[in-house]
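# Structural features, examined
These are the residues of each chain, in order.
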Amino acid sequence: VPVSSPAPRYPRDALRRGESGETVLRIHVGADGVPGEIDLVRSSGSRSLDRAATDAVRKWRFQPARRGGQPVPGQVQVPIAFNSAQ
């Protein structure tokens, strides 16, 4: 569960081109709640948007998964939508 999830910045080049879409990322979360490896599950179709989503998620912090009451590493899949009409 994200406890801090700042929104990604819409890349200016993507905004200028009217690019929009949804990026789906798989985030490997450490027992400390910090993202480690981030995998691109589904691209938005724009490298700029995918990169912005990944950069934003690196700054997120999570409540780690628990097993037997102890924090353990886990993973979560999140969609991040970009809409140039906003």
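Let us look at the structure shown here. Residue positions are counted from 1 within each chain, in the order its sequence is given. Whole-chain, interface and lining totals are the exception, using all residues; otherwise, since this is a predicted model, local features are given only for residues with pLDDT of at least 70 and side-chain atom pairs are given and counted only at 80 or more. Processing note: side-chain calculations cover all non-hydrogen atoms of the structure and skip hydrogens and water entirely.

Within the protein chain, the secondary structure is distributed over 2 helices and 7 strands. Note on conventions: DSSP H or I runs of at least 4 residues are helices, E runs of at least 2 residues are strands, and numbering of each starts at the N terminus. When the elements of the protein chain are put in sequence order from the N terminus, they spell out β-α-β-β-α-β-β-β-β. Only protein chains enter the accessibility calculation, which uses a 1.4 Å probe; a residue is then buried when its area is under 20% of its type maximum, exposed when over 50%, and partly exposed in between. Counting only residues that meet the buried cut, the protein chain has 33% of its 86 residues in that class. As displayed, the protein chain has an accessible area near 5500 Å², and 47% of this comes from carbon and sulfur atoms. Under the counting rule used here, the positive set is Lys and Arg, the negative set is Asp and Glu, and His together with the chain ends is not counted. We put the charge of a Lys on NZ, of an Arg on CZ, of an Asp on CG and of a Glu on CD. Taken together, the 13 basic and 8 acidic charged side chains of the protein chain have centroids lying 4 Å from each other. Working definition of accessibility: Shrake-Rupley area with a 1.4 Å probe, residue cover restricted to the visible protein chains.

Position of Ser48 among the secondary structure elements: in helix H2 (residues 47-57). Pairs of N or O atoms within 3.5 Å make up the polar contacts considered here, provided that, within protein, one atom can donate a hydrogen while the other can accept it, and that residues adjacent in sequence are counted only when both atoms are side-chain atoms. Side chain to side chain, Ser48 and Asp13 meet in a polar contact 2.7 Å long. Once you skip the residues sitting within four places of it in the chain, Ser48 turns out to touch Pro11, Asp13, Ala14 and Arg17. Residues are treated as being in contact if the distance between any of their heavy atoms lies within 4.5 Å.

Nonpolar cores were defined as sets of buried Ala, Val, Leu, Ile, Met, Phe, Trp, Tyr and Cys residues, with membership established by side-chain atoms within 4.5 Å. One finds Leu25, Ile27, Val57, Trp60, Ile80 and Phe82 to be the most contacted residues of the largest nonpolar core, which totals 15 residues. Among the secondary structure elements, those contributing two or more residues to this core are strand E2 (21-29), H2 and strand E7 (74-82). In terms of residues, this core owes the most to one element, H2, which gives 5 residues.

Whenever a carboxyl oxygen of Asp or Glu lies within 4 Å of a side-chain nitrogen of Lys or Arg, that contact is scored as a salt bridge. Counted according to the given criterion, the structure contains 4 salt bridges. The residue Asp13 makes a salt bridge to Arg17 at a minimum N-O spacing of 3.2 Å. Overall, the relative accessible area of 51% leaves Arg17 in the exposed class. It is possible to trace a salt-bridge network through shared partners that takes in Asp13, Arg17 and Glu19.

Here we come to the sheet that holds strand E3 (residues 35-42). Spatially, 3 strands are ordered E3-E2-E7 in an open sheet, and the strand pairing comes out antiparallel. Bordering the open sheet on either side are E3 and E7, each of which pairs with just one other strand. Strand-to-strand, the axes of this sheet are offset by a mean angle of 25°, without reference to chain direction. Sheet topology note: the E2/E3 ladder contains 5 bridges and is antiparallel. Bridge assignment links Val29 to a residue of E3, and that residue is Pro35. Axis lines are fitted through C-alpha atoms, for helices just across the contact stretch, and the angle between N-to-C directions can take any value from 0 to 180 degrees. Across the sheet, H2 is in contact with E2, E3 and E7; its angle to E2 comes to roughly 35°. Two strands qualify as a pair provided DSSP detects at least 2 bridges between them.

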